Amino acid sequence: MSTTETLKGTRTSNIKAIGRLFFLEANAGRIHSVNADGSDGKIILSGARVPDGIVVDVEAGHIYWTNMGIPSKNDGSIERADLDGKNRVTIIAEGKTFTPKQLHLEKKSGKLYWCDREGMRVMRANLDGSSIETLVDTSDGDARPGTDQRNGNQLCVGITVDPDRGKIYWTQKGPANAGKGRIFRAKIDIPKGETAANRTDIETLFEGLPEPIDLEIDLKNRLLYWTDRGDAPRGNTVNRASLDADFKKRPAPDILFTHLEEGIGIALDFKGNRMFVTDLAGNIFSAKLDGTEKKPVLVAQGNLTGIAYVEIPKAVEALNR
């Protein structure tokens, strides 16, 4: 997932940018890039091991993505490459995280945040992969890896960060279509004297959801967006809610659009007032941020997972051709 990224320090009024989508094809292990209208498609990279979450740092010229691997083998990883797929390196090696899912890049602190599904935890590290931390541990002492049958309520999937107010948000999907999905919020840093397993600052924002997956945040308008891959009517949807709602009253989120086929990734383009969404049936849809004007960008592209939208200055794009 990713909000709009632009090249820092440039005068955007003088330098035209190209809106590009980067998205993951999990079954084929590939990273693709296309224009925002679906044209000029390229395979950036192949050979990823079930890629799931992606972020793009245009300023640094890097793509980061997670590889789920096989949960029982504890062989998940996180990799980085240049925008053209070259200079590929592993920054979080196998054995450090079971099943890294959705990914968030927080530039102010220079941190990568991700959810480890079968590892039952929320994690972060420096951009070079150093200083790995567990921020939230939902295992309740159960052995890793967790499973949908045993620990479905504890499996963490989507992640986003509010650096201005020092908060993290994440989803726990629950067993398939069980109506036990939840969305949580906590401080970024563990309270003093507490641990990732016993921290007391965790708030439940929503519960009883089908299967909430990827999260995105609109800090300016204080809105939270997410995809849900569970069954209709609340599943296979894109949802939105106020970050400042009174969650003790359990407000119902707004359903922005429906009829996804196992919705997964979401990316927001604030400048263009639009969102992009992927589903496992291989579709990419665009819509306005209020959910209107939904239309397909690409269809039947494989099993699609994470997606990022960025604006690349034309000079940089030309170098990558």
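To be clear, the structure that these remarks concern was listed above.
Here goes a summary of the coordinates provided. (Residues numbered from 1 in each chain as written. Predicted model: local features only at pLDDT ≥ 70, side-chain atom pairs only at ≥ 80, totals over all residues. Heavy atoms only, no water.)

1. As for the environment of Leu 112
Move 1: On the secondary structure map, Leu 112 appears in strand 10 (residues 111–116).
Move 2: What makes Leu 112 buried here is its relative accessible area of 1%.
Move 3: Along the sequence, Leu 112 and Ala 125 sit 13 residues apart, while their C-alpha atoms lie 5.4 Å from each other.
Move 4: Excluding its chain neighbours within four sequence positions, the residues that come into contact with Leu 112 are Val 55, Tyr 64, Ile 91, Leu 103, His 104, Leu 105, Met 123, Arg 124, Ala 125 and Leu 127. (Helix = DSSP H or I, 4+ residues; strand = E, 2+ residues; numbered from the N terminus. Buried < 20%, exposed > 50% of the residue type's maximum accessible area, 1.4 Å probe, protein only. Contact = heavy atoms within 4.5 Å.)

2. Focus on unusual backbone geometry
Note on backbone geometry: most residues besides glycine have negative phi, and most peptide bonds are trans.
Move 1: Of the consecutive residues Ala 232 and Pro 233, the connecting peptide bond is found in the cis state with omega at 10°.
Move 2: Despite not being glycine, Glu 262 shows a phi value in the positive range, around 65°.
Move 3: Note on placement: Glu 262 falls in the loop between strand 20 (254–257) and strand 21 (263–269).
Move 4: Looking at Glu 262, the relative accessible area reads 34%, which means it is partly exposed.
Move 5: Here the phi dihedral of Asn 273 falls at roughly 55°; this positive angle occurs in a residue that is not glycine.
Move 6: Topologically, Asn 273 is positioned in the loop between strand 21 and strand 22 (274–279).

3. Let's talk about the environment of Leu 155
Move 1: Inspection of the secondary structure assignment puts Leu 155 in the loop between helix 1 (148–151) and strand 13 (156–162).
Move 2: Classification of Leu 155 as buried rests on a relative accessible area of 0%.
Move 3: With 18 residues separating them along the chain, Leu 155 and Asp 137 place their C-alpha atoms 9.9 Å apart.

4. Details of the packing of aromatic side chains
Move 1: On inspection of all chains with the given rule, the structure shows 4 aromatic pairs.
Move 2: Ring centres of Phe 206 and Trp 226 lie 5.2 Å apart, and the angle between their planes is 45°; on these two criteria the pair is classed as tilted. Residue Phe 206 is found in strand 16 (residues 203–209), and its partner Trp 226 is found in strand 18 (residues 223–228); the two are separated by 20 residues along the sequence.
Move 3: Residue class for Phe 206 comes out buried when judged on its relative accessible area of 4%.
Move 4: When its relative accessible area of 0% is taken as the criterion, Trp 226 is described as buried.
Move 5: Each member of the aromatic cluster is reached from another via a ring pair, and the members are Phe 206, Trp 226 and Phe 247. (Phe/Tyr/Trp six-rings, centres within 6.5 Å; stacked < 30°, edge-to-face > 60°.)

5. Points about the state of the cysteines
Move 1: Scanning the entire structure with this criterion turns up 0 disulfides.
Move 2: Of all cysteine sulfurs, the one in Cys 156 lies closest to Cys 115, which takes part in no disulfide; the gap is 5.0 Å.
Move 3: Overall, the relative accessible area of 0% leaves Cys 115 in the buried class.
Move 4: Overall, the relative accessible area of 0% leaves Cys 156 in the buried class. (Disulfide = S-S within 2.5 Å.)

6. Examining the sheet that holds strand 10
Move 1: Reading across the sheet, the 4 strands line up as 9-10-11-12 and stay open at both edges, with antiparallel pairing between neighbours. For this open sheet the edge positions go to strand 9 (100–106) and strand 12 (133–137), each flanked by a neighbour on one side alone. Ignoring strand direction, the axes of neighbouring strands in this sheet form an average angle of 20°.
Move 2: Examined bridge by bridge, strand 9 and strand 10 share 5 bridges and lie antiparallel to one another. Each bridged residue has a counterpart across the sheet, and for His 104 the counterpart in strand 10 is Tyr 113. (Pairing = 2+ DSSP bridges. Axes fitted to C-alpha atoms, helices over the stretch in contact; angles between N-to-C directions.)

7. Looking at the nonpolar core
Taken as a class, soluble globular proteins show a tendency for nonpolar side chains to be buried jointly.
Move 1: Core analysis: the largest hydrophobic core is formed by 16 residues, its most contacted members being Phe 22, Ile 31, Ile 54, Val 56, Ile 63 and Trp 65.
Move 2: Of all the secondary-structure elements, those providing two or more residues to this core are strand 2 (17–25), strand 4 (42–45), strand 5 (51–57), strand 6 (62–67) and strand 25 (304–313).
Move 3: Per-element tally for this core: the top contributor is strand 25, with 3 residues. (Core = buried A, V, L, I, M, F, W, Y, C linked by side-chain atoms within 4.5 Å.)

8. A look at the side chain of Lys 101
Move 1: The residue Lys 101 is located in strand 9 in this model.
Move 2: Polar side-chain contacts of Lys 101 include one of 3.2 Å to the side chain of Asp 52. (Polar contact = N/O pair within 3.5 Å; in protein donor to acceptor, adjacent residues only side chain to side chain.)

9. Remarks on the side chain of Arg 240
Move 1: Take Arg 240: it is sitting in strand 19 (residues 237–242).
Move 2: No salt bridge is formed by the buried Arg 240; the nearest opposite charge belongs to Asp 254, separated by 4.9 Å.
Move 3: A polar side-chain atom of Arg 240 sits 3.0 Å from the main-chain carbonyl oxygen of Leu 289.
Move 4: Contacts of Arg 240, omitting those with residues within four sequence positions, involve Leu 223, Leu 224, Tyr 225, Trp 226, Pro 253, Asp 254, Leu 256, Leu 289 and Asp 290. (Lys, Arg positive; Asp, Glu negative; His and termini not counted. Salt bridge = Lys/Arg side-chain N within 4 Å of Asp/Glu carboxyl O.)

10. So, the pattern of salt bridges
Move 1: Applying the stated criterion to the full structure yields 25 salt bridges.
Move 2: Across the pair Glu 79 and Arg 88 runs a salt bridge, and its minimum N-O distance is 2.6 Å.
Move 3: Between Glu 262 and Arg 229 there is a salt bridge; the shortest N-O distance is 2.3 Å. With a gap of 33 residues between them, Glu 262 in the loop between strand 20 and strand 21 and Arg 229 in the loop between strand 18 and strand 19 connect regions that are remote in the sequence.

Function cannot be read off these values alone, since they describe shape.
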